[in-house]
Amino acid sequence: MAATAHFEVAVIGGGAAGIVAAIASKCSGRSVVICERLPRLGKKILASGNGRCNLLNENLSEFFYNPSARHLVKSIFSKFGKPEIATFFKVLGLHTYCEEGRIFPATNQSSSVLKVLEMGLKRLSVPVEYDFQVENVAASASGFLLSSASGRKVSCSALIIASGGKSYPALGSDGSCYKFAGEFGHAITAPVPAAVPLTAKDPICHILQGQKIFASAKAVVDGNTVGEADGEVLFTKYGLSGTAILDISRDISVAVNRLHSKSAVVVLDMTPFMDEPELRTELARRLKDGFPPEELIAGILPNKFGAALAGLLETKDAAAIAKALKSKEFTITGTRGWNEADFTAGGVAASEIEPETMESRLKKGLYFAGEIVDVDGCRGGYNLAWAWASGYVAGQSAAGRQI
Ligand SMILES: Cc1cc2nc3c(=O)[nH]c(=O)nc-3n(C[C@H](O)[C@H](O)[C@H](O)COP(=O)(O)OP(=O)(O)OC[C@H]3O[C@@H](n4cnc5c(N)ncnc54)[C@H](O)[C@@H]3O)c2cc1C
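In this text, all values refer to a predicted model and were calculated from it rather than measured experimentally.

## Some thoughts on the overall build of the protein chain
Each helix and strand in the protein chain was counted, giving 13 helices and 18 strands. Taken over the C-alpha atoms alone, the protein chain extends approximately 85 × 40 × 35 Å along its principal axes. Across the 403 residues of the protein chain, 55% fall into the buried class. Of the accessible surface of the protein chain, which amounts to about 16,800 Å², a share of 51% is contributed by carbon and sulfur atoms. Separation between the mean location of the 42 positive side-chain charges and that of the 40 negative ones in the protein chain comes to 5 Å.

Structure follows, in structure tokens:
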């Protein structure tokens, strides 16, 4: 593009939210462009759901999101919720199936989801400016002027910022656009990694690295329980991972990285399938039978746990051992950071966004969509659902305003 091209709507970011926003604007009859810093669209969609893309959940409601965003989320889902998202993808040509409430493409390949979105853009002739790293956004007489790192320019009447959060920067979203929101006066809730493995100070993590168990995990911050989840726990050389840990990691990450709380602890019930009296009785029976420490928990936990917990098992006190196995504490020192976080908690304050339209309450013609907003959902398709829904409402609203 030599001279500055003008579009009625420009979208920063060609991820889940940006692509849907562009489709919605174009379907409403507006000229629209996507400015994407990478040489291709939707890299994070491809990585999602371990390559399967859990694109939606049957049970969609605001209660699966951070409390401070629920008002906004509820309003957006009332306009573009589960049935509308499902129909949108059906019309694009995507077949899906549901597994325990989680919706996946029938092909089990995230590339199918990206492909139908790209076909949608192609059908509507939406232009994409690739390798367009937006470095500057200025208000202009006709709306906004975007400048890229290499000096390319795009002007637009309405602007949708859909540049994602800070997680997995290699997939495109490095948090570089929070500053634009800030320049228009928006408060940014400090972004922290969410759905992320945790680092813990406990030698047993290192000894048990690679071992997986089914456990109940509790996040305890400054003595208060802030989250609970059942599921897989994976011991790693640096700490804890697995689905149960990812599920409770958000509140721990907020405590450690944003609130700088005094203590963050994960408490594991390593034998959720046995209550404490039952476990105590079984341990007492084995102690009475003279089994050595390493065999006290054989068949209850993987064999390696016998050696890893030798210090505890040598006490020969059934009650103390049962209690420790049902409430093993791990002091959390931090998270594994942005390169291992599935999403971001924090971003543009939800209270500063119009819940009917996704338009900024501070700057007319400016819209936000997707993970750049301080909205984070549970794992299970909720973050992509937010990206599609907020993208659609932002795209349609930006197109519908008087330009
Ligand atoms: C490994 C992984 C697995 C996941 N799995 C799931 C899942 O199964 N289900 C689920 O619901 N959620 C999942 N998520 C979360 C979900 O993918 C994201 O919440 C969602 O993709 C966010 O969409 P977005 O469009 O807001 O941002 P992104 O998808 O991050 O897109 C933002 C786009 O903006 C571009 N961009 C950024 N800055 C600029 C700039 N300055 N100029 C131009 N372009 C820019 C980026 O290159 C990127 O293409 C997963 C995330 C990860 C990392």
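## Considering the site of the ligand
Near the ligand there are 34 residues, and of these Ala17, Glu36, Asn54, Glu371 and Leu384 occur at the shortest range. Within the contact set of the ligand, an oxygen atom lies 3.1 Å away from a backbone nitrogen or oxygen of Ala16. Contact with the protein chains covers 95% of the free accessible surface of the ligand, which is 1,000 Å². Contributions of two or more residues to the shell around the ligand are made by helix H1 (16–27), helix H2 (43–47) and helix H13 (382–400). Broken down by element, the shell around the ligand gets its largest block of residues, four residues, from H13.

## Some thoughts on the packing of helix H3 (residues 70–79) against H13
One way to put it is that H3 packs onto H13 with a least axis distance of 9 Å and a crossing angle of 70 degrees. By the angle between their axes, H3 is roughly perpendicular relative to H13. In this structure, H3 contributes Leu72, Val73, Ile76, Phe77 and Lys79 to the contact, and H13 contributes Ala385, Trp386, Ala389, Ser390 and Val393. Among the residues forming the contact of H3 with H13, the class breakdown is eight nonpolar, one polar and one charged.

## Remarks on the packing of aromatic side chains
Considering all chains together, one arrives at 12 aromatic pairs under this definition. Judged by centre distance (4.4 Å) and plane angle (10 degrees), the ring pair of Phe64 and Tyr382 falls under stacked. Within this pair, whereas Phe64 is found in the loop between strand E3 (56–57) and H3, its partner Tyr382 is found in helix H13, the two being separated by 318 residues in sequence. Residue Phe64 is classed as partly exposed on the basis of its relative accessible area, which comes to 24%. For the ring pair Tyr97 and Phe104, a centre distance of 5.8 Å and an interplane angle of 25 degrees mean the geometry is stacked. An aromatic cluster of three or more residues is present, and its members are Phe80, Phe88, Phe89, Trp388 and Tyr392. Just above the ring of Phe104 sits the side chain of Arg52; from NZ or CZ to the centre is 3.9 Å. Above the ring of Tyr238, the side-chain terminus of Arg336 is found at 3.8 Å from the ring centroid.

## Here we look at the layout of surface pockets
In this structure, the second largest pocket encloses a volume near 450 Å³. Around the second largest pocket, the lining is made up of 25 residues, and of these Phe64, Asp247, Gly377, Cys378 and Arg379 lie nearest the centre. Listing elements by their share of the lining of the second largest pocket, those giving two or more residues are strand E13 (224–235) and helix H8 (243–258). Per element, the largest residue contribution to the lining of the second largest pocket is six residues, and it comes from H8. Class assignment of the residues belonging to the lining of the second largest pocket gives a composition of 10 nonpolar, six polar and nine charged. Lining the lining of the second largest pocket are residues from two domains, each supplying at least three of them: domain 1 (5–192 + 343–400) and domain 2 (198–335).

## Looking at H8
The terminal C-alpha atoms of H8, which comprises 16 residues, lie 23 Å apart, in line with the 22 Å expected from a rise of 1.5 Å per residue. A bend of about 45 degrees at Ser249 is the largest found in H8. For H8, every residue scored as buried is listed here: Ala244, Ile245, Leu246, Ile248, Ser249, Arg250, Ile252, Ser253, Val254, Ala255 and Val256. Within two residues after H8, His260 carries a phi angle of roughly 50 degrees, on the positive side.

## Overview of the domain arrangement of the protein chain
Examined at the domain level, the protein chain breaks down into domain 1 (5–192 + 343–400) and domain 2 (198–335). Here domain 1 and domain 2 have C-alpha centroids that lie 39 Å from each other. Counting residues at the interface gives eight residues for domain 1, matched by eight residues for domain 2. Roughly 630 Å² of surface becomes buried between domain 1 and domain 2 when both sides are summed, with 53% attributable to carbon and sulfur atoms. Linking domain 1 with domain 2 are two salt bridges, by the criterion used here.

## Digging into the side chain of Thr335
Its location among the elements puts Thr335 in strand E16 (residues 328–335). Overall, the relative accessible area of 17% leaves Thr335 in the buried class. A polar contact of 3.1 Å, which involves the side chain of Thr335, links it to the backbone nitrogen of Gly337. Setting aside its immediate chain neighbours within four residues, Thr335 contacts Pro193, Val196, Pro197, Leu198, Thr199, Ser253 and Asn257.

## Some thoughts on a positive patch on the surface
Where like charges cluster on the molecular surface, the positive patch consists of Arg40, Lys43, Lys115 and Lys122. Within the secondary structure, Lys122 sits in helix H5 (residues 110–123).

Scoring rules and cut-offs
- Residues numbered from 1 in each chain as written.
- Predicted model: local features only at pLDDT ≥ 70, side-chain atom pairs only at ≥ 80, totals over all residues.
- Heavy atoms only, no water.
- Helix = DSSP H or I, 4+ residues; strand = E, 2+ residues; numbered from the N terminus.
- Buried < 20%, exposed > 50% of the residue type's maximum accessible area, 1.4 Å probe, protein only.
- Areas by Shrake-Rupley, 256 points an atom, 1.4 Å probe, with all protein chains shown as cover.
- Lys, Arg positive; Asp, Glu negative; His and termini not counted.
- Charge placed at Lys NZ, Arg CZ, Asp CG, Glu CD.
- Near = heavy atom within 4 Å.
- Polar contact = N/O pair within 3.5 Å; in protein donor to acceptor, adjacent residues only side chain to side chain.
- Axes fitted to C-alpha atoms, helices over the stretch in contact; angles between N-to-C directions.
- Parallel < 35°, antiparallel > 145°, perpendicular 65-115°, else oblique.
- Contact = heavy atoms within 4.5 Å.
- Nonpolar A, V, L, I, M, F, W, Y, C, P; charged D, E, K, R; others polar.
- Phe/Tyr/Trp six-rings, centres within 6.5 Å; stacked < 30°, edge-to-face > 60°.
- Lys NZ or Arg CZ within 6 Å of the ring centre and 35° of its normal.
- 1 Å grid on protein atoms, 1.4 Å probe; cavity = no way out; pocket = protein on both sides within 12 Å on 5 of 7 lines; lining within 4 Å.
- Points joined across faces, edges and corners; volume = space filled by probe spheres on them.
- Domains from an automatic or database assignment.
- Expected span 1.5 Å × (residues − 1).
- Bend = angle between axes of the 7 residues up to and from the residue.
- Buried area = accessible area lost by both parts, 1.4 Å probe.
- Salt bridge = Lys/Arg side-chain N within 4 Å of Asp/Glu carboxyl O.
- Patch = residues over 30% accessible without salt bridge, like charges linked within 9 Å, V, L, I, M, F, W, Y side chains within 5 Å.

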